[in-house]
Amino acid sequence: QVQLVESGGGLVQPGGSLRLSCAASGSSSSITTMGWYRQAPEKQRELVADITRGDTTNYASSVKGRFTISRDNAKNTVYLQMDSLKPEDTAVYYCNVVYMLGYRYWGQGTQVTVSS
């Protein structure tokens with residue numbers, strides 16, 4: 001059983017910042033790509049950003065320049081620094097980790113609400 005423990009969500013005003021964290025179980029050497037997805041009400045889950053072991057990053061166009069993804073391989077942890085938050089960023093954010101051979105696991109989700 002692989003477990004991903006997320007933290008850092010909450011309520012923030014437009015223009016504010018939040019930092020999400022996700023700690024994964026398992027051997028660090030078995031983890032390939034780590035990323036963040038989000039799902040807003042009545043919408044499909046979408047990729048926000050992901051990062052490879054070599055620190056190659058990929059961002060949704062809607063968050064480029066505002067969000068930064070990073071990882072600490074020794075701690076099996078991926079982070080998402082979210083700056084200049086907008087109301088349209090409101091969603092449940094899910095951590096995703098891809099292990100060797102393509103096995104994918106999801107975190108429990110953390111609510112991010114951007115509202116004045």
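Right, let's walk through the structure included here. (Residues numbered from 1 in each chain as written. Predicted model: local features only at pLDDT ≥ 70, side-chain atom pairs only at ≥ 80, totals over all residues. Heavy atoms only, no water.)

1. Some details on the overall build of the protein chain
Part 1 of the argument: Helices and strands together make up the secondary structure of the protein chain, namely zero helices and eleven strands.
Part 2 of the argument: Helices and strands in the protein chain line up, N terminus first, as β-β-β-β-β-β-β-β-β-β-β.
Part 3 of the argument: Taking 2.2 N^0.38 as the reference for a compact globule, 116 residues should give roughly 13 Å; the C-alpha atoms of the protein chain span a radius of gyration of 13 Å, in line with that estimate.
Part 4 of the argument: Relative to its full complement of 116 residues, the protein chain shows a buried share of 42%.
Part 5 of the argument: A total accessible area of about 6200 Å² is found for the protein chain, and carbon and sulfur atoms account for 47% of it. (Helix = DSSP H or I, 4+ residues; strand = E, 2+ residues; numbered from the N terminus. Rg over C-alpha atoms; globule rule 2.2 N^0.38 Å. Buried < 20%, exposed > 50% of the residue type's maximum accessible area, 1.4 Å probe, protein only. Areas by Shrake-Rupley, 256 points an atom, 1.4 Å probe, with all protein chains shown as cover.)

2. Re the pairing of strand S5 (residues 46–51)
Part 1 of the argument: Summarising the sheet, strand S4 (residues 31–39) and S5 pair through five bridges and their orientation is antiparallel. Across the sheet, Met34 pairs through a bridge with Ile51, a residue of S5.
Part 2 of the argument: The antiparallel pairing of S4 with S5 creates a hairpin that spans six residues between the two strands, and Glu42 there sits at a positive phi of about 65 degrees.
Part 3 of the argument: Note: S5 against strand S6 (residues 57–59), three bridges, orientation antiparallel. Within the sheet, the bridge partner assigned to Ala49 lies in S6 and is Tyr59.
Part 4 of the argument: The turn joining S5 and S6, which pair antiparallel and follow one another in sequence, is formed by five residues; a positive phi near 70 degrees is taken by Asp55. (Pairing = 2+ DSSP bridges.)

3. Overview of the packing of aromatic side chains
Part 1 of the argument: Throughout the structure, instances matching the rule amount to two aromatic pairs.
Part 2 of the argument: The interplanar angle of 70 degrees and the centroid separation of 5.0 Å between the aromatic rings of Tyr37 and Trp106 together place this pair among those described as edge-to-face. Pair noted here: Tyr37 is in strand S4 and Trp106 is in strand S10 (residues 104–106), with a separation of 69 residues, a long-range link.
Part 3 of the argument: Residue classification places Trp106 among the partly exposed positions, given a relative accessible area of 33%.
Part 4 of the argument: Over the aromatic face of Tyr79 sits the side chain of Arg19, whose NZ or CZ is 4.1 Å from the ring centroid.
Part 5 of the argument: Directly above the aromatic system of Trp106 lies the positively charged group of Arg45, at a separation of 4.6 Å from the ring centroid. (Phe/Tyr/Trp six-rings, centres within 6.5 Å; stacked < 30°, edge-to-face > 60°. Lys NZ or Arg CZ within 6 Å of the ring centre and 35° of its normal.)

4. Focus: the sheet that holds strand S3 (residues 18–24)
Part 1 of the argument: Taken in spatial order, the four strands make up an open sheet running S1-S3-S8-S7, and their pairing is antiparallel. A strand with exactly one partner marks an edge of an open sheet, and here the two such strands are strand S1 (4–7) and strand S7 (67–72). The average angle at which neighbouring strand axes cross in this sheet is 15 degrees, direction not considered.
Part 2 of the argument: Pairing analysis gives six bridges linking S3 to strand S8 (residues 77–82), with the strands arranged antiparallel. If you follow Cys22 over to S8, its bridge partner there is Val78. (Axes fitted to C-alpha atoms, helices over the stretch in contact; angles between N-to-C directions.)

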